[in-house]
Amino acid sequence: MAKEPKKKPDEGYQQLKKDLKAGTIGSLYIFHGEEAYLRDFYLEQMREKLIPAGMESFNYHQLQGKGLTIQKLAETVDALPMMSTRTLLVVSDYDIFKAPEGERTLLTQLFEDLPEYVCLVFLYDTVPYKSDARMKKLAGAIKAHGQVVRFARQAQNDLVDWIHRRFKALGHDIDTADAQYLIFLCGDLMNNLISEIGKIGAYAKQRKITRED
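Read on for an overview of the structure. Source: prediction; values computed, not measured. (Residues numbered from 1 in each chain as written. Predicted model: local features only at pLDDT ≥ 70, side-chain atom pairs only at ≥ 80, totals over all residues. Heavy atoms only, no water.)

### Concerning the pairing of strand β4 (residues 118-123)
The test is simple: Whether a residue is buried, partly exposed or exposed follows from its accessible area with a 1.4 Å probe, protein chains only, as a fraction of its type maximum: under 20%, in between, or over 50%, in that order. Numbering of helices and strands starts at the N terminus; helices are DSSP runs of H or I of at least 4 residues and strands are runs of E of at least 2. Criterion used throughout: strands pair if DSSP finds at least two bridges between them. By convention, a crossover is right-handed whenever its connection, traced from the first strand over the helix to the second and viewed with the strands pointing away, goes clockwise.
For β4, the tally of buried residues reaches six of six residues, placing the bulk of the element in the interior. Neither face of β4 is left uncovered, since the one carrying Val118, Leu120 and Phe122 and the one carrying Cys119, Val121 and Leu123 both have all their residues buried. Judged from the four bridges that link them, strand β1 (residues 28-32) and β4 form a sheet pairing that is parallel. Across the sheet, Phe31 pairs through a bridge with Leu123, a residue of β4. Bridge analysis of strand β3 (residues 87-92) against β4 gives six bridges, and the strand direction is parallel. Paired with Ser92 across the bridge in β4 is Leu123. For the crossover from β3 across helix α5 (residues 101-112) to β4, the handedness is right-handed.

### A short note on the packing of helix α2 (residues 36-50) against helix α9 (residues 190-203)
Applicable threshold: Helix axes are fitted to C-alpha atoms over the stretch in contact, other axes to C-alpha atoms as well, and angles between N-to-C directions run from 0 to 180 degrees. Relative orientations are named as follows: roughly parallel for angles under 35 degrees, roughly antiparallel for angles over 145 degrees, roughly perpendicular for angles from 65 to 115 degrees, and oblique for any other angle. In this analysis, two residues are considered to be in contact whenever any of their non-hydrogen atoms come within 4.5 Å of each other. Each residue is assigned to one class: nonpolar for Ala, Val, Leu, Ile, Met, Phe, Trp, Tyr, Cys and Pro, charged for Asp, Glu, Lys and Arg, and polar for all the others, Gly among them.
α9 packs onto α2 with a crossing angle of 85° between their chain directions and a minimal axis gap of 7 Å. By the criterion of interaxial angle, the relationship of α2 to α9 is roughly perpendicular. Counted together, Ala36, Tyr37 and Leu38 of α2 and Met190, Asn191 and Ile194 of α9 form the full contact between these two elements. Looking at the contact of α2 with α9, its residues break down into five nonpolar, one polar and no charged.

### Quick notes on a negative patch on the surface
Short version of the rule: Patches were defined on residues exceeding 30% relative accessible area and lacking a salt bridge, with like-charge contacts within 9 Å and nonpolar side-chain contacts (Val, Leu, Ile, Met, Phe, Trp, Tyr) within 5 Å. To be clear on the numbers: accessible area is Shrake-Rupley with a 1.4 Å probe, and residue cover counts the displayed protein chains and nothing else. For this analysis, a salt bridge means a side-chain nitrogen from Lys or Arg found within 4 Å of a carboxyl oxygen belonging to Asp or Glu. Neither His nor the chain ends contribute to the count of charged residues, in which Lys and Arg are positive and Asp and Glu negative. Taken as the charge centre is NZ of Lys, CZ of Arg, CG of Asp or CD of Glu, depending on the residue.
Taken together, the side chains of Glu75, Asp78, Glu112 and Asp113 present a region of like negative charge at the surface. Considering the arrangement of structural elements, one finds Asp78 in helix α4 (residues 70-78).

### Here we look at the environment of Arg39
Relative to the assigned elements, Arg39 resides in helix α2. For the pair formed by Arg39 and Tyr124, sequence separation is 85 residues and the distance between their alpha carbons is 9.8 Å. In contact with Arg39, not counting residues within four places along its chain, are Phe31, Leu123, Tyr124, Asp125 and Phe151.

### Re the packing of aromatic side chains
Condition: For Phe, Tyr and Trp, rings pair up if their centres lie within 6.5 Å, where Trp contributes its six-membered ring, and each pair is then called stacked (planes under 30 degrees apart), edge-to-face (over 60) or tilted (otherwise).
Tallying each qualifying case throughout the model produces twelve aromatic pairs. Seen in terms of ring centroids, Phe31 and Phe151 are 5.0 Å apart; in terms of plane orientation they differ by 85°. Their pairing is edge-to-face. Separated by 120 residues along the polypeptide, Phe31 in strand β1 and Phe151 in the loop between β5 (147-150) and α7 (156-169) bring together distant segments of the chain. Here the two residues Phe31 and Phe151 agree in accessibility, since each one is buried. Here the aromatic rings of Phe111 and Phe122 are separated by 5.8 Å at their centres, their planes lie at 80°, and the arrangement is edge-to-face.

### Points about the sheet that holds β1
What the five strands build is an open sheet, ordered β2-β3-β4-β1-β5; its pairing is parallel. Each end of this open sheet is capped by a strand with a single partner; those strands are β2 (60-64) and β5. Neighbouring strand axes in the sheet, compared pairwise and without regard to direction, differ in orientation by 20° on average. The strands that helix α1 (residues 11-22) touches are β1 and β5; relative to β5, the one it contacts most, it runs at about 110°.

By themselves these figures say nothing about function.
See below:
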């Protein structure tokens, strides 16, 4: 049987991890992809790095894309941080490249002139993200000033390692074959797996997780 080709790591995803580790979080990110668990995990990491505890209501802003105007977006971007050096603004399901031409022009200008204190994240959940190179100015502004991060389904080996770690955190061990069997039963999306891992961990009486569990 031919060996499954190794997936090339997404450059935006790897850069995000470096940004978080180095404390050099940028001003503009686009989060998309099937793996919502990782997306939400890293968004929470950003929030913890950027916003002091207890100051979220002043510095962490969330907007829904449906019905959003560029004026509202710009006003929120311009909101100065309070007792913090940064703000975090998350816009959910706003399709940048399908916005009317006038809004795309304003978005381009906004991206080119983002204040240093803001971190603006466009999060694609129910709306798929698809860049359009024909819109050169908008695409160029995103490339120059932002980072596109795709949270892809994880390779099985990476998932097995993660399953080992999650069970270990619950005080259990699981062997590789049974971790692979869990993936076979539940699929390879981490949100589904984490729910089942919690149930199995609570049910199992012994340290070693078995297939019967």
